[in-house]
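# Per-entry structural report
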Amino acid sequence: MSEGTMQRRAQREQPERAKRLTRVLVCAAAVPVMLVATGCSSDSGPDDGGGDKAASASASASPSPTVQAAAYRTLPEACRALSKKTLEDLAPKAKSGKEGSSDDVASRASCSWSSLDNNGVKGSQFRWLNVSLLRFESDTTRGPGDKLAQEYYDKQVREIRATPGAKGLNAQAVTSTGDEATAVRYDLKKKEGTFKQQTVVVRVENVVVTLDYNGAGLAGDKTPDAAALLADAKKAAKEAVLSVTKANGPAAASGSPSAPASGRPSAPVSKAPSASASGKS
């Protein structure tokens, strides 16, 4: 090949090499830009888990549910909830009170007194008195203690008003006793005679007081006056409520809880069956 031919061939190939070099440089320059773009996109992508972490932190910072502490933290001794004078008036022949069984006397307690005044051939006067105390703790799931006590109070009144065999039943609100109170009276006929039953249910803060009082004239003695029995029952119920307040000290008497709630509800107990107890002689 002559020198002139080689020179012309070199001149034709030089522009082609220049074009290829230019393309390589352009591609090389584009690579960092793509990497930078990819990196920025990765920082703000949805898969980094930042949102989940923030939500988790927010959830852990949420406060735990709370409930107001119950006002009353304990109960008085049930057999000492009524004064000696009251017991002498309502159950004069009762030697002592019979304490009901309880696995937690700070939450539930009861005491009953039976009195039989035997007048020989003239017959006998029978009296039966029972006081039941039930306290409810505040609970974060079930609610404040006074609300739970109110639910139980309503249930007690409904059950008493539905007493089987009750005759001449009458229910009335009782004023100036606790936060709310209801008295229910009725007659219950049994083979021994007609028993005059009086039940007063009272709610004071987170405590429910149920006082049962009945009387009967047996073996030919006269039937006691129902109005007098009801007046005595109301007086005794008011005294029992006062004993609950005193047992919890000045702070409870002013309506201020003395300690935080334990968060554990007291277990309700069934009401003493006053109607059946009235048949004792």
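Residues numbered from 1 in each chain as written. Predicted model: local features only at pLDDT ≥ 70, side-chain atom pairs only at ≥ 80, totals over all residues. Heavy atoms only, no water.

## A few points about the confidence of the model for the protein
For the protein, the mean per-residue pLDDT works out to 79, and 66% of the residues sit at or above 70. For the protein, the element scoring lowest by mean pLDDT is helix 7 (residues 274–277), at 38; helix 4 (residues 145–161) scores highest, at 98. A low-confidence stretch, residues 24–44 stays under pLDDT 50, and its non-local contacts, those more than four residues away or across chains, total 1 contact. Ignoring residues within four places in sequence, the model shows residues 253–281, a span with pLDDT below 50, making 77 contacts including any to other chains. (pLDDT = per-residue confidence, 0-100. Helix = DSSP H or I, 4+ residues; strand = E, 2+ residues; numbered from the N terminus. Contact = heavy atoms within 4.5 Å.)

## Considerations on the pattern of salt bridges
Evaluated as defined, the whole model comprises 9 salt bridges. For Glu77, the salt bridge identified is with Arg80, shortest N-O distance 3.8 Å. Exposure class is identical for Glu77 and Arg80. Each is exposed. For the salt bridge of Glu180 with Arg203, the shortest nitrogen-to-oxygen distance reads 2.7 Å. Of this pair, Glu180 sits in strand 5 (residues 180–190) while Arg203 is found in strand 6 (residues 193–204), placing the two residues 23 residues apart along the sequence. (Salt bridge = Lys/Arg side-chain N within 4 Å of Asp/Glu carboxyl O. Buried < 20%, exposed > 50% of the residue type's maximum accessible area, 1.4 Å probe, protein only.)

## So, the environment of Pro144
Assignment of secondary structure puts Pro144 in the loop between strand 3 (124–135) and helix 4. For Pro144, a relative accessible area of 26% puts it in the partly exposed group. Counting along the chain gives 77 residues from Pro144 to Val67, while the straight-line C-alpha distance between them is 6.1 Å. If sequence neighbours within four positions are ignored, Pro144 has contacts with Val67, Gln68, Ser138 and Asp139.

## Concerning the packing of aromatic side chains
Using the criterion set out here, one finds 2 aromatic pairs in the structure. Each ring, one from Phe126 and one from Phe195, has its centre 6.0 Å from the other, and the planes form 80 degrees; the classification is edge-to-face. Highlighted residues: Phe126 in strand 3 and Phe195 in strand 6, separated in sequence by 69 residues. What makes Phe126 buried here is its relative accessible area of 2%. (Phe/Tyr/Trp six-rings, centres within 6.5 Å; stacked < 30°, edge-to-face > 60°.)

## Observations regarding the sheet that holds strand 1 (residues 98–99)
Reading across the sheet, the 7 strands line up as 1-2-3-7-6-5-4 and stay open at both edges, with antiparallel pairing between neighbours. Edge positions in the sheet fall to strand 1 and strand 4 (167–173), since each has one partner strand and no second. Packed on one face of the sheet, helix 4 meets strand 3, strand 4, strand 5, strand 6 and strand 7 (207–218) and runs near 165 degrees to strand 6. Relative to the sheet, helix 5 (residues 226–247) contacts strand 3, strand 4, strand 5, strand 6 and strand 7, its axis offset from that of strand 6 by approximately 30 degrees. (Pairing = 2+ DSSP bridges. Axes fitted to C-alpha atoms, helices over the stretch in contact; angles between N-to-C directions.)

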